[in-house]
Amino acid sequence: PGFYIDTPEVPVGATGGVESLYSSYKLHTFTSNGSFVVTTGGLVDILVVAGGGGGGAGGGGAGGFRRFNSYSLSTGVYPVIIGTGGAGGDGTPNAGSPGSNGSNSSIAGLVSIGGGAGGGGAGSTPTLWDGQDGGSGGGGGMLVVVVMIR
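Every value quoted in this text rests on a predicted model; they were computed, and no experiment measured them.

**Some words on the overall build of the protein**
Within the protein, the regular secondary structure consists of zero helices and eleven strands. Secondary structure elements of the protein occur, N-terminal to C-terminal, as β-β-β-β-β-β-β-β-β-β-β. For the protein, buried positions account for 42% of its 150 residues. The long-range fraction of contacts in the protein, counting pairs at least 24 apart against all pairs at least 6 apart in sequence, stands at 71%. By element, 56% of the accessible surface of the protein is carried by carbon and sulfur atoms, the whole surface being about 6,900 Å².

In structure tokens:
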């Protein structure tokens, strides 16, 4: 997940998360809830990844992944919410319980949806057989928001 400036002649000033450098970008990485503080506004790209769904007899879905290009952030404090991964079910093929959905991640009102839970085994209640809707299909995932500033 991340932010980065499209226009280096108008640098965005900001603090928050773990700061590092990648190529010509300054990164702000969030792996837990926090605040992104913009001291000089401008255009950024934002990448937000939600928590993955927990597996049951079926695999849990990956957390949603969304990218927002050339997004304008004004001076201010932006809460960063990092979604958690869903708990796994017991995974027994014939009677296993389902997992639980992953949680949403967000920053500046931009949201990625948590991954859907894996369904339960065939011997469980029929309404628990199906996997759940969520951010996307696949395995559970890492939870991160990164800020990239050129």
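From this point on, the discussion continues.
**Things to note about the confidence of the model for the protein**
Taken over all residues, the pLDDT of the protein has a mean of 76, while the share at 70 or more is 72%. Per-element confidence in the protein ranges from a low mean pLDDT of 34 for strand β1 (residues 3-4) to a high of 95 for strand β8 (residues 76-81). Overall, residues 138-144 carries pLDDT values under 50, and its contacts beyond four positions in sequence, including any with other chains, amount to 30 contacts.

**A look at the sheet that holds strand β2 (residues 13-15)**
Whether parallel or antiparallel, the strands of a sheet pair through hydrogen bonds between backbone atoms. Taken in spatial order, the five strands make up an open sheet running β2-β5-β8-β9-β10, and their pairing is antiparallel. Here the strands that pair on one side only, and so sit at the sheet edges, are β2 and β10 (110-112). The sheet shows a mean angle of 15 degrees between the axes of neighbouring strands, direction not considered.

**Considering the side chain of aspartate 45**
Here aspartate 45 shows up in strand β6 (residues 42-49). There is a polar contact of 3.1 Å between the side chain of aspartate 45 and the side chain of arginine 67. A polar contact of 2.6 Å, which involves the side chain of aspartate 45, links it to the backbone nitrogen of serine 70.

**Description of the packing of aromatic side chains**
Scanning the entire structure with this criterion turns up one aromatic pair. Their ring planes at 85 degrees and their centres at 6.4 Å tell us that phenylalanine 30 and phenylalanine 36 sit as a pair that is edge-to-face. Relative accessible area serves as the criterion here: at 4%, phenylalanine 30 is assigned to the buried category.

**Focus: the nonpolar core**
Phe36, Val38, Ile46, Leu73, Tyr78, Val80 and Ile107 are the most contacted members of the largest nonpolar core, which has 15 residues in total. Going through the elements one at a time, β5 (34-40), β6, β7 (65-73) and β8 are the ones with two or more residues in this core. In terms of residue count, β6 provides more of this core than any other element does, three residues in total.

**A look at the side chain of serine 105**
Inspection of the secondary structure assignment puts serine 105 in strand β9 (residues 105-107). One polar contact links the side chain of serine 105 to the main-chain amide nitrogen of glycine 83, over a distance of 2.8 Å. The contact partners of serine 105, leaving out residues within four places of it in the chain, are Val48, Val49, Ala50, Gly51, Ile81, Ile82, Gly83, Leu110, Val111 and Ser112.

**Here's the deal with unusual backbone geometry**
If you check the backbone angles, serine 70 has positive phi at about 50 degrees while not being a glycine. If you trace the backbone, serine 70 turns up in strand β7. Of note in this structure, alanine 108 is not a glycine but carries a positive phi near 55 degrees. Among the secondary structure elements, alanine 108 is positioned in the loop between β9 and β10.

**So, the environment of glycine 64**
In this fold, glycine 64 is placed in the loop between β6 and β7. Assessed through its relative accessible area of 4%, glycine 64 is described here as buried. Sequence separation of glycine 64 and glycine 102 is 38 residues, and the distance between their C-alpha atoms is 9.3 Å.

Criteria and cut-off values
- Residues numbered from 1 in each chain as written.
- Predicted model: local features only at pLDDT ≥ 70, side-chain atom pairs only at ≥ 80, totals over all residues.
- Heavy atoms only, no water.
- Helix = DSSP H or I, 4+ residues; strand = E, 2+ residues; numbered from the N terminus.
- Buried < 20%, exposed > 50% of the residue type's maximum accessible area, 1.4 Å probe, protein only.
- Contact = heavy atoms within 4.5 Å.
- Areas by Shrake-Rupley, 256 points an atom, 1.4 Å probe, with all protein chains shown as cover.
- pLDDT = per-residue confidence, 0-100.
- Pairing = 2+ DSSP bridges.
- Axes fitted to C-alpha atoms, helices over the stretch in contact; angles between N-to-C directions.
- Polar contact = N/O pair within 3.5 Å; in protein donor to acceptor, adjacent residues only side chain to side chain.
- Phe/Tyr/Trp six-rings, centres within 6.5 Å; stacked < 30°, edge-to-face > 60°.
- Core = buried A, V, L, I, M, F, W, Y, C linked by side-chain atoms within 4.5 Å.

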